Every structure is written in C-alpha cells, then in structure tokens.
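The lines below spell out each chain.
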Amino acid sequence: MLEILEKLCNGEGTEYDIYRLEKLAINIKKASVCGLGQSAPNPVLSTLRYFREEFKEHAIDKKCRTNECKKIAKIEIDPEKCKGCSLCQKHCPVDAIEGEARETRVINQEKCIKCGTCIASCPFHAIQ
Amino acid sequence: MEEFVTLTIDDQEVKVKKGTTILEAAKQAGIDIPTLCFLKEINEVGDCRMCIVEVEGRRGFATSCIQKAEEGMIVHTHTPEVLEARHIILDLILSNHKIECLTCTRSGNCELQKLAQKFNVQKIEFPGEMSKHTIDDKSPSIVRDFNKCILCRRCIATCKNVQEIGAIDCIERGFESCISTTYDNSLNDVDCTFCGQCIEACPTGALHEKENIDDVWTKLKDPDTYVVVQTAPAVRVALGEEFDMPIGTNVKGKMVTALKRMGFDKVFDTNTGADLTIMEEANEFIERVQGEGVLPMITSCSPGWVRFAEKNYGDLLSHLSSCKSPHQMFGAVIKSYFAEKYGIDRNKICTVSVMPCIAKKYECSREEMEVDGARDVDYVITTRELSRMIKQANIDFNQLEDNEFDNPMGEASGAGAIFGTTGGVMEAAIRTAVDTLENKKIEAIEYQEVRGEKGIKEATLNVAGTEIKIAVVSGLANAKKMMEQIKEGKSPYHFIEIMACPGGCVMGGGQPIKDAKTRASVDVRKLRADSLYAIDEKSVIRKSHENPVMKQLYDEFFEKPGSHMAHKYLHTKYWEKPKYELEEG
Amino acid sequence: MKTIQQIEEIRKEKRAELDLRINTKSDTREKHILVCRGTGCTSSKSPKIIENFRKIIEEKGLTNVRVIQTGCFGLCAKGPIVIIRPEETFYAHVKPEDCEEIINSHILEGKKVERLLCKNMDGKLAEKLNELDFYKKQKRIALQNCGLIDPEEIDEYIAFDGYKAIEKVLTEMNQDQVIETILNSGLRGRGGAGFPTGRKWAFTKDAQSDQKYVVCNADEGDPGAFMDRSILEGDPHAVLEAMTIAGFAIGANQGYIYVRAEYPIAVQRLKIAIEQARQYGLLGDNILGSGFKFDIDIRLGAGAFVCGEETALLESIEGKRGQPRVKPPYPATCGLFGKPTLINNVETLANITKIILNGADWYAGIGTEKSKGTKVFALGGNVNNVGLVEVPMGTTLREIVYDIGGGIPNDRGFKAAQTGGPSGGCIPAEHLDTPIDYESLAEIGSMMGSGGLIVMDDTKCMVNLAKFYLEFTVAESCRKMYTM
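Computed from a predicted structure; not experimentally measured.

## A look at the overall build of chain A
Point 1. The secondary structure content of chain A amounts to 7 helices and 2 strands.
Point 2. Traced from its N-terminal end to its C-terminal end, chain A shows the element sequence α-α-α-α-α-α-β-β-α.
Point 3. Taken against the 2.2 N^0.38 rule, which gives 14 Å for 128 residues, the C-alpha radius of gyration of chain A at 19 Å runs more than 25% over that of a compact globule.
Point 4. For chain A, the spread of C-alpha atoms along the three principal axes comes to 65 × 25 × 25 Å.
Point 5. When the 128 residues of chain A are sorted by exposure, 52% land in the buried category.
Point 6. Sequence-distant contacts, at least 24 apart, represent 49% of the contacts inside chain A between residues at least 6 apart.
Point 7. Carbon and sulfur atoms form 51% of the exposed surface of chain A, whose accessible area is close to 6,500 Å².
Point 8. Distance from the positive charge centre (21 side chains) to the negative charge centre (19 side chains) of chain A: 4 Å.

The following block contains the structure:
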C-alpha cells in the first residue's frame, strides 16, 4: 500500500493504482492477524472515501492541489493579483521567476524546486 | 468421555473431536485448505494467512489452522471474498520472494511453487520493493538465502522448540524484519550445530545445503583420480523418494548401480564402516566399564551433536567416545589399508560419502579428520544431492537393475544397517559388547526398548553379572537433558547414544524434504526406520564382530581394537569451542 | 503502613490545607502558585520557572506563598502555564524572567499581570481558568487531578479523595459488586477498541487459575497522542489505585505497568508514586488491614509501536519479540505467562476511582446511550488551542475544533480531522457535526482510537496524509504476517 501511495505522490501513479490500492486495503483489513493490522488500512480507506478526487488528481492530472507532494507540486503566480513588485524574484534561490520591471511575474516550472519561499514572500498572496 | 462437535464446512457436515481445528476438520471432509506456515505440532501460529476461511456470524476471516471447531459452526472456504483475499495474500508473498524457480534447488518440491500453481498465478499484481540480503554461505554445511524466505517461521520453531538451540529468530522491525542469527552473523559463527532440521522445515529454497555436486563431478571426470564412494544406511531407504517411490523403499541395489554408472571407481557401504565403529566403540566401552575413563560414555558419530557438545559442554567432552564416525573411519581405511593392499596411490584417491546429513560436510572438513596428510573423506554429498547427480547423469533410476557393493570390504552386518535410526547404534554396540563380555554368542539380539519414536529411551541390561544402564536419545533438546544430568553428577547411565536429529539419521538434514501435509499425516520416520530394521532382519550376519571384513581388517592391519594403529586412524579428539565467534562491529 | 483511620486523618488535614486549590472564595492568606511540569511545559523551561519563583519567595521571606509542580493543565498551546490559587488566575506563555513581575505585581500588590493573561475568542481577557473558552465545554474526570495536585506527593492525592475508592471497595464491596458497578457505568476501553470494561473484568474474574495479573497498557504508540502520558505524569496514583481495585475484582495479586521508555518523566513519577504507596501500605501485603495484597512493578517498552497491541505487549513482558498472538484465546483466559490477565489502558483506569466513589449511575449519566462518560483527546495539528481536552461523549467535532480548539489559525478552512492515529480515519467537513462516540465515528469510517485528534486545514494533501501514516505502519510492522 505504501509503495502505491509513493507512486501517486511522485506523479507515477495511474487510475488503476487507485483501484489496486483500495482492493489491497480492503483485503488486508479482512485478513489480518491482529487489531493493528486490521486497522492499518483505515487511513487509506477513509481518505479514499472522502477525498477520492484528490487521489484522482494525483493519478490522472499528476497534480497535488496543496503542493505538499513536492514532485508534482506546481507553484503558480496568479496574474490578477500580481503587482510586479519583484519581491518573489529577489527571494527565489534558483532564479526561477521571470519578468522585469512592473511586469506580472511568471515561474519557470523547469527551474522551480518547489521550496515555497516565493509564496511566503509575496505581500499580496498572489502565489499558490 | 470423548466430546464431539458437528460443524458444516462448504455445505458438508463433519463430526470431529472437541479441540480439533477447522483445518483438520476440513481435511476429514476431504477439503484441502491451503497452508504455508503450518507445521503440525511445531509451528501453529497463523502467520501466512493462507488458511483463512469465512465463518458465518464472525467479523473478518478466521485462521483455520488455529481456530478450533465449534458446535454449529458454518464455514466457507472458498467464497469469492475469501478467494480474492487469498489470492492477494499469495500475490504479496510472491512479490517479495526472489523468484528463481528455474535455478532453485527446491524447484519441484517447493510449497510456495505448488500454491502458485494451484492458484494459477500468472502475474504479480502488487510488485514492490524486495529485500536485498546477502546470502550466508560461510559455513561448509548450510546456505541461507533470506531473499527467498517467506517468514513462515517454521525454521525458528524447529530450532527453538524442537531442537531447543534457538540459533535463529526474527530480528529487526518493519520491512527490515528478517530471520537471522545473533547480530545477523553467519550461521557458521554462532551456536548453530548444522543439524539441518531447519532445512527440512523450510517450505522454500531459503535454506539448503552447501552443494558439493560440482566438486564431485570434477573428480569423477578426472582420469587421474580414483574416486571411491560410500553410502550411509539411511540414504538407501530414502533415496527412492526422490524418484517417486514410496517412503522408506529400500533402493540399495539401484543406488549401487547408479553410482557405478556415474563413474565411481569403487562403491562401498558405510555400514561396513559402522561395523568397524562398533568394534572400536564396544572395546572402548568395555575398557571404561572396567575402570579406564569416565562414564557414561556417549556415542560420537553425530557431528551435529558433537558440535553442540563442544559449544555448550566443553568441560564434559571426555564423555564422548574417541571413535570417529563410521564414514570417517572407513575413509581412513580406504586411504591406508585399501590403498596399500591394492596398490593405489593414496594421494590420488578421492573419498566421497553420501550422507543423510549436512553436518557431515562440516565433520569431514574438521582439521583433525585426516591421517598423514590425507583427508579421511574429501567430500560429503547429501541424499538430495545424489538424486540430482543421478538425474544429471541421465540415469533412469526406476529402471535400473540391482547390484551389490564392491568387494573387498563390501560386506556389512545388519547391526551396521540400523545405525541410521535412533537406537540403532546402541543396539549394534550391545550386540557386540554383550557377546564379548559374556564370551558367548547371545541369540536374542533385538532390543525393542531402544527402538521407537520416543525422544529418550532407557533400558537396564544384565551383562556378565553387571548391571548396565543405557539410554538412547535423539534430538538436541533431549541431548541437553542428558548433559545437564551429567553436569549435576546425577546421570545413572553407563552408555548413552545421542543423535542430533529427532528420530536419528533417517530424519537427517540431508534427506528428501517432505512437505507439511505429508509430515502431518505420515510417520516418515517409522517408514524409513522400519525399512532399516527389515534389512537387519534379513541379514545373515547381524553382529558387527561376525562380519568377516572385520577379521580381515584387524588381522591384516589394525591388529586389535584400541591398538596403536587403530588409534592413529580410527580415533579422534574434541575441543571446547566458543558458542559465538562474532565479527567485530 | 497506614490504617484506614490514619489515611482519613491525613485526608482531612490535607484537604483543609489545600482547600484554596479548588475554592476561589477561600479566605486564606495563602497563595499557591501552580506550575505545570508536564513534558511539554518542562521542555519549555517550567523547571526554571519553579526555581525562580522559589528563589524570589525565599529572598523576600514570603512564608504564605508556595510553589507547586503539577501535571498538565491541558492548554498546551499556551504553555508554560502558571495558575495562582485561590483566585484561579491563568497565566500563559510564562517565561522564567516573568517570575519577578508575577510575585511583585500579583502576589504583593494584588494586581494581575495583564500581558500574561489569555484572550478569549471575543477578544476579552479571561482572568480565571474557568472563564477561558477552552475549558467551558470540557468535563475533566480522568484528568481531574492533573493540574490540581503535585503528582509526587501522595498526601495531596489523598487530600482529594485519593485512596478512598480502594477503602470503599475493601470494606464495603465484594468482587461481583465492583464488577457490576463498572459494568453499569458503561465504561468502555479507552485504548481504542472500546470493549466494555466491566465485561473484560468479568471474563478475567471468571477464569480459573492460581495466578492472575493486571497489566496497565501505557505504551501509547500513536504519534500525536499524549493523553496517557499526561495522566501518568500528573496523577499516577489514580492509576495505581485503579489497578489495585481491578486486582481485587478479578482475583490478582500482581500488576505490571508497561510504559514506553520514551516517557522518562512519567516513569520517574510512577516510580515515586509506587514507592510512596508501598510506604503507606497501599501496595504490598495486607492493604489497609484487609488482608488483600497487591503489588505493582514497572516494565519499560523498547520503542515498538506494535507493543501497544495487548498480546504483543504480553510477549514483550515475557521477554520475547513483540509480536501479537492469534486471538482467541484472549488474555482474559490465557495472557501473561499463560495466566488470565486483565489489560487496561491508562485512561480507562483513570476513570475507575471516580466511578467507584460517585457510582455507576453518575458516570452513565454522562455521554451518549452507548458511549458513556468522557474521553480525553490530544488536540493537535492546524488548530489554535493545541493541547489536552476532556469532553463528554457526544460532544460534536465542531465543538471540539472551534469552541474548545479555538478554530483554525490564519483563517484557513477546515479540511479534515484524523482520529485514531495510524489506525483511524479522517473526518471531512461534511461530518463536523458528528457526535464523538464509538459507534458514530465507526459509521463514518473512522474510529475513536486512543484519543489523538489531528486537525488539518486546506493546505494538507490527503494522499500525502495516507502515505505518512502508512510509512509509520510499515516501519513498525512486526511482519508476523509478511504480507504487508
């Protein structure tokens, strides 16, 4: 189960993996020796029950909406909110933000290491 | 009053004694629930989850190998849910098993493989990270490959509960959990005695003997080497099982033919060596009884037992007989008397022993097992290895005609034959000792008190006016009991036979491996042992000292038992050894 | 060795002396400064706070002021916490440097140090403990003595009805009556499974054997859970007394507390408590002259989550590898060393003395129909008032997160709450109004668990959450079944 979840968080999972994960979780719950084994799949089963959309996003869209899964996190600047103040650009440790003067800034996804420093530095909460 | 319960399994009503498990009850109804970790009376722990069944009214699944049957229970062993769960479980087990069937020694006799076939496994649904452990092949006897282990713990149960050695257990936690020794050292460096019972218990190829097949083939192909082979008594009543013959079939004749065809220059019988051991050991015993040396005297032909004694009772080693084991003695004879008499350069002789035992591989490699620079025995191969070599040589074993062992030295008494079963060495020794002490030929030579499956058997004999108490012990747990008694000075015995393997050599670590189902329903030990006793019964010569080969050997070479020559070739020493020889760090 | 009489005398005397601890209207000239010495506050320098207070008090010769170390007050987010009695002033985030000001301003001049007071959600300052929103919906039964007494002073425990329950049991009740009381109270196992405690006691009592055991499961392996820790640190005698009562009820003379080695303060407090109880004859032969004998020994865990499972715990005490046994047989018939064994969680035991003293009906009057009494939760994660809370069963999740927990910081939205640790499930926003009880939680796919309650806001990835818990479970697996 852990390996399938790791695949999903790395953007290597597929929709079939969600099906496999669920099947595995249900059966381990039924066939375990002790209470710990019977309840170990619970976090998986309950998150699947209520947040299946997020799993699908990870598997199909290769997206993590909270950006916690670093491998598939995508940090984007909202052009409506960006004032071009360049604070994020100055703080970015890998120079992944492009744009000059008062232009709306854009993050170069290839260079971005998803550290999140830009999010914290934006005074207008324009970065997600 | 026997209490019974009636339950329904797969719509069949079954009536069983109270206390029977669902697994056994199912068997009675002709339902074969799959198991992996179950080993009757040794390992009943419910680890593998293969035996799960649905019990109406209960949440989840029940573990049928442990759950006792109850009145009115309704059990289903193959509903779609159970089948799905079982399939996934098997899949998960296989996903962390190094699948090497084509090149694995257990292919064809592997319980995991059988289950995969039974369930028609065609692909692994849940592949994942696999354990990567280095293979432990440091010892001369046993190889441990954890990457094939399925953690059924049958080996641990055997080592800990049956043999009471406890050299292996489950260490670490989480994915790192593995079955290993103290601080993950080699079996060679800890208190393992190489009895090999764990190999007999293992359902897969995770444990097996260190092979010497290639070594032997190399020697056989070498025109310059004179290769002599000898076979232990226990081998001939088990070898046939590797060729689908019933358990315990005596295949001596075919075995000899096969060995000849394989190219051995001489095919001898370890039973002859056994007779020689009796000559020396009976003599030694009589000397000790008459005042020279400590009592009780303990037999020393089981190298697993000897290693156990050296590691645990180093200060009591003087109790062990100084005699070498039969095949070592015989090997020494081959490279001295036989070589001389028949003009063969002893340095060109290679002696090979076929043994039911893996500890013998260790024994023949012991430093002191040589005389004048020539190893008594060069290689030991197990019954299993021999069967593989026979197949490699394209020999159709079942079609072979019978043949006799080579002469000279091809004769052996019935006493030599029964060495292979617990109590056999004692009986053989008594037959000779009694005749010697009483100075006449005693007719009643079958000692039933030392036969049978009990772990500790005792008897009191009245020989030439002296009372002699004997004990016959098999299994290291019982050996421990004997030694503790001796340590406390409370041992009432004069002579003790100790075999490391429960049941004696017929159940040795090198014998054909029987799966858990067979072990649960068939008394393998009895079938093989009875076959040996049958050989003895049919033998014309049934006492070691009446074997004419013995007269020949002593007249022409050794002079008399216990002589200087006898001691040079046929006797050995023991040393206290540390229990653990761990690597630093 | 004390007799019932002597204990009662201590009780009377001490209760009067400590009246100001619970009576805000006490007219005493004394001031008690209670400082939290739970693990959390201790690691935030509360020992230094105590030291400073004591130094200043001595320097100024204030003979009417006492500093007392106590167990956890529960509002860990605001630690280190100092409470001044009898006025019940609640000072938060106290630093060792603040001691001078508290003494000068509050004690000597009667003026409260406003900057150290807490603000409620409406923005107003809460001067007293029971004015805090955090405490309004709580009902502290298991945590009754935590924050009230010095856990290293048996006399303080005795003062507030300590060891009165065992006296009642030994003098007025028989085994069946004790078990019936627990059964009727509706108390269920607080370790997570929720098995009716009275029934477990009954099974163990009925098992025939020459030797039985009482084992307290203090392994508390769930990450984020510290309910048991706080009880052991703040009120160890409650556990000892409960185990003695249990021993009497089932017919055992020996008890073991299996506590994880990662709780050094708890272990220390337990050792002291056991020693003190032995000295008073409340453990050992002939307890309170009744002829009943019971003793308790501590066994330390070695860092394995799996040893929180009752049968794995027993294997560990027996010196073997901590892996669970197949059940049946259950520990009630075949437990420690093969003997009938009663295993109860710390929090379960902490309720026993109160049930005995106040009666089964009292306890059954709290909570819901099937889940009686209260439950301690370790509130953590993205919530303002991180800490330990005890609420009656049936309190909704919304009340716990918002009314008691003070809502989610940074105005973020509630995404889910995880109960039951690695064995539990998450509860999404749509179920915020679910009452917290065993059945309701199981219905929505979670479980009560031991009490860990982690709140998650919308910055948390749920897939990652599942992965986090699985990482834990995989690392801790004993691999008895190697299919994991």
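## Considering the domain arrangement of chain B
Residues and elements named next belong to chain B.
Point 1. One can read the domain layout of chain B as domain 1 (4-93), domain 2 (133-209) and domain 3 (213-570).
Point 2. Taken over C-alpha atoms, the centre of domain 2 sits 27 Å from the centre of domain 3.
Point 3. Contacts between domain 2 and domain 3 engage 22 residues on the former and 30 residues on the latter.
Point 4. Summed over both sides, the interface of domain 2 with domain 3 buries roughly 2,000 Å², with 51% coming from carbon and sulfur.
Point 5. At the surface where domain 2 touches domain 3, the tally comes to 4 salt bridges.
Point 6. When the shortest N-O distance is used, the salt bridge between E209 and R388 registers 3.6 Å.
Point 7. Linking domain 2 to domain 3 there are 16 residue pairs in polar contact (both at pLDDT 80 or more).

## A short note on unusual backbone geometry
Point 1. Here the bond from L295(B) into P296(B) is cis, since omega is 0 degrees, no more than 30 degrees from zero.
Point 2. Tracing the backbone shows P296(B) in the loop between α9 (270-289) and β12 (297-298).
Point 3. Along the chain, R85(C) connects to P86(C) via a cis peptide bond; the corresponding omega equals 15 degrees.
Point 4. With respect to the helices and strands, the residue P86(C) is situated in the loop between β3 (82-85) and β4 (89-91).
Point 5. Of note, N394(B) is a non-glycine position whose phi angle comes to about 60 degrees, a positive value.
Point 6. Residue K45(C) is not a glycine yet carries a positive backbone phi of 80 degrees.
Point 7. Positionally, K45(C) belongs in the loop between α2 (39-42) and α3 (46-60).

## What about the packing of helix α2 (residues 15-31) of chain A against helix α4 (residues 42-50) of chain A?
Residues and elements named next belong to chain A.
Point 1. Running from N to C, α2 and α4 point in directions that differ by 135 degrees, and their axes come no closer than 9 Å. One element, α2, and the other, α4, form an angle in the oblique class. The way α2 lies across α4 gives a crossing that is left-handed. Residue-level inspection shows I18, L21, E22, A25, I26 and K29 of α2 in contact with α4, the latter providing N42, V44, L45 and L48.
Point 2. Of the residues in the contact of α2 with α4, the class split is 7 nonpolar, 1 polar and 2 charged.

## Some thoughts on a nonpolar patch on the surface
All names here are of chain B.
Point 1. A surface patch of nonpolar side chains, about 350 Å² in accessible area, is lined by Y183, Y580 and L582.
Point 2. Here L582 shows up in the segment after α20 (564-570).
Point 3. On the basis of relative accessibility, which here comes to 30%, the residue L582 falls in the partly exposed class.

## Notes on the sheet that holds strand β19 (residues 495-499) of chain B
All names here are of chain B.
Point 1. Across the sheet, 4 strands lie side by side as β12-β19-β18-β17; this open sheet has mixed pairing. Of all strands in the sheet, those bounded by a partner on one side alone are β12 and β17 (456-463).
Point 2. In terms of strand pairing, β12 meets β19 through 2 bridges, oriented parallel. For M297, the partnering residue across the bridge sits in β19 and is F495.

## Considerations on the domain arrangement of chain A
Point 1. For chain A, the assigned domains are domain 1 (2-70) and domain 2 (75-128).
Point 2. Taken over C-alpha atoms, the centre of domain 1 of chain A sits 32 Å from the centre of domain 2 of chain A.

## A word on the nonpolar core
Point 1. In terms of nonpolar packing, the biggest core is built from 83 residues, with L239(B), M262(B), F264(B), W305(B), L386(B), I390(B) and F397(B) touching the most fellow members.
Point 2. Residue-level mapping places this core at the junction of two domains, with at least three residues from each of domain 2 (133-209) and domain 3 (213-570) of chain B.

## Topic: the interface of chain C and chain A
Quoted interface sizes are often the accessible area lost when the parts come together.
Point 1. Taken together, the 40 residues of chain C in the interface contact 30 residues of chain A.
Point 2. Between chain C and chain A, the buried area comes to about 2,800 Å², and carbon and sulfur atoms account for 73% of it.
Point 3. Here chain C and chain A share 2 salt bridges between them.
Point 4. For K415(C), the salt bridge is made with E54(A), and the minimal N-O distance between the two is 2.5 Å.
Point 5. Our enumeration of links across chain C and chain A arrives at 12 residue pairs in polar contact (both at pLDDT 80 or more).
Point 6. Sorting the residues of the side of chain C that touches chain A by element identifies β13 (414-419), β14 (425-428) and α18 (462-476) of chain C as the ones contributing at least two each.
Point 7. Considering every element that reaches the side of chain C that touches chain A, the biggest residue donor is α18(C), with 11 residues.
Point 8. Looking at side-chain class alone, the side of chain C that touches chain A contains 20 nonpolar, 10 polar and 10 charged residues.

## Remarks on the sheet that holds strand β11 (residues 374-381) of chain C
Residues and elements named next belong to chain C.
Point 1. Spatially, the 5 strands line up as an open sheet ordered β12-β11-β15-β13-β14, and their pairing is mixed. This sheet does not close on itself; its edge strands, each paired only once, are β12 (387-392) and β14. Direction aside, neighbouring strands of the sheet carry axes that sit 30 degrees apart on average.
Point 2. Bridge analysis of β13 against strand β15 (residues 452-457) gives 5 bridges, and the strand direction is antiparallel. From the neighbouring strand, Q418 faces β15, where its bridge partner is I454.
Point 3. The strands touched by helix α10 (residues 227-234) are β11, β12 and β15; relative to β11, the strand with the most contacts, the crossing angle is about 115 degrees.
Point 4. On the sheet, helix α16 (residues 397-404) packs against β11, β12, β13, β14 and β15 and is oriented at approximately 110 degrees with respect to β13.

## What about the pairing of strand β1 (residues 4-9) of chain B?
Residue and element names in this part refer to chain B.
Point 1. A one-sided burial pattern is seen for β1, the buried positions being V5, L7 and I9 and the unburied ones F4, T6 and T8.
Point 2. Pairing between β1 and strand β2 (residues 12-17): 6 bridges, direction antiparallel. Bridged to V5 within β2 is V16.
Point 3. Hairpin connection between β1 and β2: a loop of 2 residues separates the two successive antiparallel strands, and D10 in this loop has a positive phi of roughly 50 degrees.

## Details of the interface of chain B and chain C
Point 1. With 26 residues of chain B at the interface, the matching set in chain C holds 16 residues.
Point 2. Across the contact surface, chain B and chain C share 1 salt bridge.
Point 3. The salt bridge partner of R173(B) is E476(C), with a shortest N-O separation of 3.1 Å.
Point 4. Connecting chain B to chain C are 7 residue pairs in polar contact (both at pLDDT 80 or more).
Point 5. Of all elements in the fold, only α2 (80-95) and β7 (169-171) of chain B reach the threshold of two or more residues within the side of chain B that touches chain C.
Point 6. The dominant element in the side of chain B that touches chain C, judged by the number of residues it contributes, is α2(B), at 3 residues.

What counts as what
- Residues numbered from 1 in each chain as written.
- Chains lettered and ligands numbered in written order.
- Predicted model: local features only at pLDDT ≥ 70, side-chain atom pairs only at ≥ 80, totals over all residues.
- Heavy atoms only, no water.
- Helix = DSSP H or I, 4+ residues; strand = E, 2+ residues; numbered from the N terminus.
- Rg over C-alpha atoms; globule rule 2.2 N^0.38 Å.
- Buried < 20%, exposed > 50% of the residue type's maximum accessible area, 1.4 Å probe, protein only.
- Contact = heavy atoms within 4.5 Å.
- Areas by Shrake-Rupley, 256 points an atom, 1.4 Å probe, with all protein chains shown as cover.
- Lys, Arg positive; Asp, Glu negative; His and termini not counted.
- Charge placed at Lys NZ, Arg CZ, Asp CG, Glu CD.
- Domains from an automatic or database assignment.
- Buried area = accessible area lost by both parts, 1.4 Å probe.
- Salt bridge = Lys/Arg side-chain N within 4 Å of Asp/Glu carboxyl O.
- Polar contact = N/O pair within 3.5 Å; in protein donor to acceptor, adjacent residues only side chain to side chain.
- Axes fitted to C-alpha atoms, helices over the stretch in contact; angles between N-to-C directions.
- Parallel < 35°, antiparallel > 145°, perpendicular 65-115°, else oblique.
- Left-handed = near helix turned anticlockwise from the far one by under 90°.
- Nonpolar A, V, L, I, M, F, W, Y, C, P; charged D, E, K, R; others polar.
- Patch = residues over 30% accessible without salt bridge, like charges linked within 9 Å, V, L, I, M, F, W, Y side chains within 5 Å.
- Pairing = 2+ DSSP bridges.
- Core = buried A, V, L, I, M, F, W, Y, C linked by side-chain atoms within 4.5 Å.

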